[in-house]
Amino acid sequence: MLKSAYVEEVFTLRAGDRVELLGWVRNVRQHGKLVFLDLRDSTGVVQVTVKTGVADEEAVKTASTLGREASVKVVGRVVEDRRAPGGREILCERLEVVGRAYGEYPIKPGVGPRFLYDNRHLYLRSPKVSAIMKIRSAMVEAARRWFIEHGFTEIHCPTFITAAVEGGATLFEVNYFGRKAYLTQSVQFYQEAAIYGLEKVFSIQPSFRAEKSKTRRHLTEFWHIEAEMAFTELPELLETVEQLISYMVVETVEKRKREFTELGRRFNVEVVEPPFERIKYEEALNILESKGVTISWGEDLGADEERILTEQFDKPFFVTHYPKEAKAFYHMPDPSNPRVTLSADLLAPKGYGEIVGGGQRIHDYKLLIQRIEEENLNPQDYRWYLDLRKYGTIPHSGFGLGVERLLQWILNLRNIRSACLFPRTRQRIYP
Ligand code: 4AD
Ligand code: MG
């Protein structure tokens, strides 16, 4: 079954041209002996008119009995019609049913968001979800292109692991043939091993977090774009992140103009023009205090603090030098003030919050052991990770970017779930 034309082409063909379309019926309206079908495919919707004289009686009868979401093949001519959406329609000459729709299609106007997520497998047919998925695809493609053009090698890391990367609280435990294993929260440690051979690496794969709280920006499974760079310290890392984010967003907005319009979303690309402001954790606390929010030194910025802080900014900005208490053990202490680390988060403005987390890693063997012990972790669990510091260690840095977080921000999605094909949250693992 070879597809000869897509719906979007109907709007560029000449009137009178004959096309063969394959797609799904969104809607059927009958006016006497005239039947109007809204035919949808992956590229859009077009009106198809089925009437006797042009098509045979049988086709008109078939059209009038089609249920919503039946799949059909339509052969007909393109005609101009100012009343039709887009100014074009198809005058049907032949109609074939590919797959009937049995029963009433459950996705109807007025159903609530919960119902739509329970029926996500069907709701994926909506043009809105398709637009989001096309934008997401363009975004990931842009990231991959940027990395390749900048000399990074793409690597694929394991998902089963034996020791936490980002702390024990959000680990998913799995039974690995009777042994305890976990689903990874980040491929960072494997990337750190890989840079000794490849120097600059990136990965695009899922990460898992047993996030217990119910928020609008936490998933239990999310897609993580991570990168690690040899011979790199914090300032170069920040430049890398701002260049990448800027490129990804500008490319996506350019390539997917139509989908942004369909979603009624505008994104002003000046917002992602580098450089992004850099403020230290300490300054962030001062800004918060001036807004009446006091957190004690050493505490991480929570969702509420991030919201209030980011409301003061119009562009993404870095918060750097978090206290070591607020970050995982592997973060490099600042040599000029060891109470803080050479860490950085990128926060999206206007109430949004963190989209990237990263920093410079400890590359000194003894210091790393000390930090592992200070955090009450067992150095035995990190044997291979420690080995990396034993043989030709180097300063290095890296970061992780949440695909859904970035998408949620640029599309202004109320909930991060909308950025996923099949979202995984504490409450949802079906469908
Ligand atoms: O800040 P995080 O926890 O950093 C790391 O995992 C580092 N090991 C990454 C690295 O340096 N290679 O996570 C990085 C990013 C966050 O900024 C956020 O965008 C996303 O991953 N993220 C989540 N996205 C959705 N749901 C969750 N539960 C997320 N947790 C983190
Ligand atoms: Mg983080």
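About the thresholds
- Residues numbered from 1 in each chain as written.
- Chains lettered and ligands numbered in written order.
- Predicted model: local features only at pLDDT ≥ 70, side-chain atom pairs only at ≥ 80, totals over all residues.
- Heavy atoms only, no water.
- UniProt positions renumbered as here; feature names shortened; annotations may be inferred.
- 1 Å grid on protein atoms, 1.4 Å probe; cavity = no way out; pocket = protein on both sides within 12 Å on 5 of 7 lines; lining within 4 Å.
- Points joined across faces, edges and corners; volume = space filled by probe spheres on them.
- Helix = DSSP H or I, 4+ residues; strand = E, 2+ residues; numbered from the N terminus.
- Nonpolar A, V, L, I, M, F, W, Y, C, P; charged D, E, K, R; others polar.

As annotated in an unreviewed UniProt entry, the chain carries the name Asparagine--tRNA ligase and comes from Caldiarchaeum subterraneum. Per UniProt, the chain has the following entry under Subcellular location (unreviewed entry): "Cytoplasm". The UniProt entry for the chain carries the following comment under Sequence similarities (unreviewed entry): "Belongs to the class-II aminoacyl-tRNA synthetase family. Type 2 subfamily."

Asker: Looking at this structure, how should I read empty space enclosed by the protein?
Answerer: Empty pockets left among the atoms are what a rolling probe the size of a water molecule brings to light. Applying the stated criterion across every chain yields a total of two cavities of 30 Å³ or more. A volume near 100 Å³ is recorded for the largest cavity. Lining the largest cavity are 13 residues; nearest its centre among them are Ile161, Ala163, Phe189, Tyr190 and Trp384. Of all elements in the fold, only α6 (188-198) and α12 (383-387) reach the threshold of two or more residues within the lining of the largest cavity. For the lining of the largest cavity, the residue count by class is nine nonpolar, three polar and one charged. Its boundaries defined by the atoms lining it, the second largest cavity holds a volume of some 30 Å³. What lines the second largest cavity is Leu237, Leu238, Val241, Phe318, Ala344, Asp345, Leu346, Val356, Gly357, Gly358 and Phe399. Those elements that place two or more of their residues in the lining of the second largest cavity are α7 (234-255), β16 (343-348) and β17 (353-360). In terms of residue class, the lining of the second largest cavity is made up of eight nonpolar, two polar and one charged.

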